[in-house]
Protein chains: 2
Amino acid sequence: MTDADEIDRRLITLLREDGRRTYSDMAGIVGLSVAAVKRRVNRLQEIGVITGFTVQVDHTKLGWGVEAFTELRYAGTTRVADIVASASLLPEVHAVYTIAGDPDALVQVRVRDVAHLQQVIDQLRAAGSIAGTKTLLVLGAWTRS
Amino acid sequence: MTDADEIDRRLITLLREDGRRTYSDMAGIVGLSVAAVKRRVNRLQEIGVITGFTVQVDHTKLGWGVEAFTELRYAGTTRVADIVASASLLPEVHAVYTIAGDPDALVQVRVRDVAHLQQVIDQLRAAGSIAGTKTLLVLGAWTRS
DNA sequence: AGTGAAAAAGCCATGTC
DNA sequence: GACATGGCTTTTTCACT
């Protein structure tokens, strides 16, 4: 936990809604000067609460129409770091979550079509000592903000 | 699929790395004029490839230290839209994915601690005609870029 | 921490090639 | 799409509280 007060949280919320909002815009909303808002945002970046600015992309419109989560189960000796390292090398892999219990990891992938999905799953299986996989095909997604 | 050429894709990649990059910066990298880059980025927003700008936040540092995925299984008659509508009302829910097959949905949640997780799961169960849940507790996460 | 003001940088519309 | 110009907005810094 970090010392982020109520105003810091409001600034973060505002920037999550629109990462390009201007300092003067936010200053007007939270009731501080532009310089004060800038210093707070800079500080939030320095202490690592804000880790970066980015764009949200509709991957469907770029031809990556299929999204899936693949659950991975490993042979007993596999180390967590190796799991993440090998899976994250695939460009189709969007996120890797290591899990307590069963399964051992959950991999979020984005692919062009189901044939492509098959390829990626095969590559995941080949990457380590995988005991088994189960893939959840995403039909629809809702994400906050 | 949309008509986004190689330069468009490079611009998207650049903006994913840093959503605050200036047009002149990108113009220098891709070898176009500032005005041309601006027109392309505007167009990518208009056609919905770029859906918004935002900040990446380290939720751990804000006291939301526990992340989990909860698989939901429904009674036969539940409609997908209702699932998403009810789950997305909880502020702890970060994303809802509807799934082909078993389970019916995968819900990504972020909570303060495991006691809080218990509450959220209970609320998810109460929200619809849930036949069962299984929660995957995240130990570590890797996300692209 | 916050304020206010001035300099520097970036944005954006317009016109021309 | 390139290039140039000018007006406007935003960012960034600095001295002061």
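Residues numbered from 1 in each chain as written. Chains lettered and ligands numbered in written order. Predicted model: local features only at pLDDT ≥ 70, side-chain atom pairs only at ≥ 80, totals over all residues. Heavy atoms only, no water.

If you check an unreviewed UniProt entry, chain A appears there as Lrp/AsnC family transcriptional regulator from Prauserella cavernicola.

Draft legend 1. Examining the pairing of strand E3 (residues 93–100) of chain B more closely. Residues and elements named next belong to chain B. Where burial is concerned, most of E3 is hidden: six out of the eight residues are buried. Examined bridge by bridge, E3 and strand E4 (residues 105–111) share five bridges and lie antiparallel to one another. In the sheet register, Tyr97 faces E4, and the bridge partner there is Leu106. Counting the residues that bridge the hairpin from E3 to E4 gives four residues, and of these Gly101 lies at a positive phi of roughly 100°. (Buried < 20%, exposed > 50% of the residue type's maximum accessible area, 1.4 Å probe, protein only. Helix = DSSP H or I, 4+ residues; strand = E, 2+ residues; numbered from the N terminus. Pairing = 2+ DSSP bridges.)

Draft legend 2. Region of interest: the side chain of Thr70 of chain A. All names here are of chain A. For Thr70, the position within the fold is in strand E2 (residues 66–74). Within polar-contact distance, the side chain of Thr70 engages the side chain of Thr135 at 3.0 Å. Beyond its immediate stretch of four places on either side in the chain, Thr70 contacts Ala105, Leu106, Val107, Ile121, Leu124, Thr133, Lys134 and Thr135. (Polar contact = N/O pair within 3.5 Å; in protein donor to acceptor, adjacent residues only side chain to side chain. Contact = heavy atoms within 4.5 Å.)

Draft legend 3. Main features of the packing of aromatic side chains. Counted by the stated rule, this structure contains three aromatic pairs over all chains. Here Phe69 of chain A and Tyr97 of chain B contribute two aromatic rings whose centre-to-centre distance is 4.8 Å and whose plane-to-plane angle is 65°, an arrangement assigned as edge-to-face. Here Phe69 of chain A, found in strand E2, pairs with Tyr97 of chain B, found in strand E3, and the two come from separate chains. Members of the aromatic cluster, joined through ring pairs, are Phe69 and Tyr97 of chain A together with Phe69 and Tyr97 of chain B. Lying across the ring of Trp64 of chain A, Arg112 of chain A places its NZ or CZ 5.4 Å from the centre. (Phe/Tyr/Trp six-rings, centres within 6.5 Å; stacked < 30°, edge-to-face > 60°. Lys NZ or Arg CZ within 6 Å of the ring centre and 35° of its normal.)

Draft legend 4. Here's a closer look at the packing of helix H1 (residues 6–17) of chain A against helix H2 (residues 23–30) of chain A. Residues and elements named next belong to chain A. Orientation of H1 relative to H2, taken along the N-to-C sense of each, is 135°, at an axis distance of 11 Å. Judged by the inter-axis angle, H1 sits oblique to H2. In the crossing of H1 with H2, the sense of the turn from one axis to the other is right-handed. Two secondary-structure elements touch here, H1 through Ile7, Arg10, Leu11, Leu14 and Leu15 and H2 through Met26, Ile29 and Val30. Residue composition of the contact of H1 with H2, by class: seven nonpolar, no polar and one charged. (Axes fitted to C-alpha atoms, helices over the stretch in contact; angles between N-to-C directions. Parallel < 35°, antiparallel > 145°, perpendicular 65-115°, else oblique. Left-handed = near helix turned anticlockwise from the far one by under 90°. Nonpolar A, V, L, I, M, F, W, Y, C, P; charged D, E, K, R; others polar.)

Draft legend 5. Up close: the protein's contact with DNA strand C. Surrounding DNA strand C, one finds Leu32, Ser33, Ala35, Ala36, Arg39 and Arg40 of chain A together with Thr22, Tyr23 and Lys38 of chain B. Measuring from a base nitrogen of DNA strand C, one finds a side-chain N or O atom of Arg39 of chain A at 2.6 Å. Measuring from a phosphate oxygen of DNA strand C, one finds a side-chain N or O atom of Lys38 of chain B at 3.2 Å. By residue number, the principal contributor to the surface near DNA strand C is helix H3 (residues 34–46) of chain A, which donates four residues. (Near = heavy atom within 4 Å.)

Draft legend 6. Focus on the UniProt feature "domain: HTH asnC-type" (unreviewed entry) in chain A. Mapped onto the present numbering, the UniProt feature "domain: HTH asnC-type" (unreviewed entry) falls at residues 4–65 of chain A. In residues 4–65 of chain A, helix accounts for 53% and strand for 13%; the two terminal C-alpha atoms are 39 Å from one another. (UniProt positions renumbered as here; feature names shortened; annotations may be inferred.)

Draft legend 7. The arrangement of the interface of chain A and chain B in detail. With 59 residues of chain A in contact, the opposing surface of chain B contributes 59 residues. Buried area between chain A and chain B, both sides added, is near 5,300 Å², and the carbon and sulfur share of it is 55%. If you sort the residues of chain A by the area they bury against chain B, Arg20, Thr54 and Trp142 of chain A come out on top, with a joint share of 14%. Between the two partners, chain A and chain B, sit 35 residue pairs in polar contact (both at pLDDT 80 or more). The set of elements that each furnish at least two residues to the side of chain A that touches chain B consists of H1, strand E1 (50–57), E2, strand E3 (93–100), strand E4 (105–111) and strand E5 (130–143) of chain A. Residue contributions to the side of chain A that touches chain B peak at nine residues, all from E5 of chain A. Grouping the amino acids of the side of chain A that touches chain B by side-chain chemistry returns 30 nonpolar, 17 polar and twelve charged. (Buried area = accessible area lost by both parts, 1.4 Å probe.)

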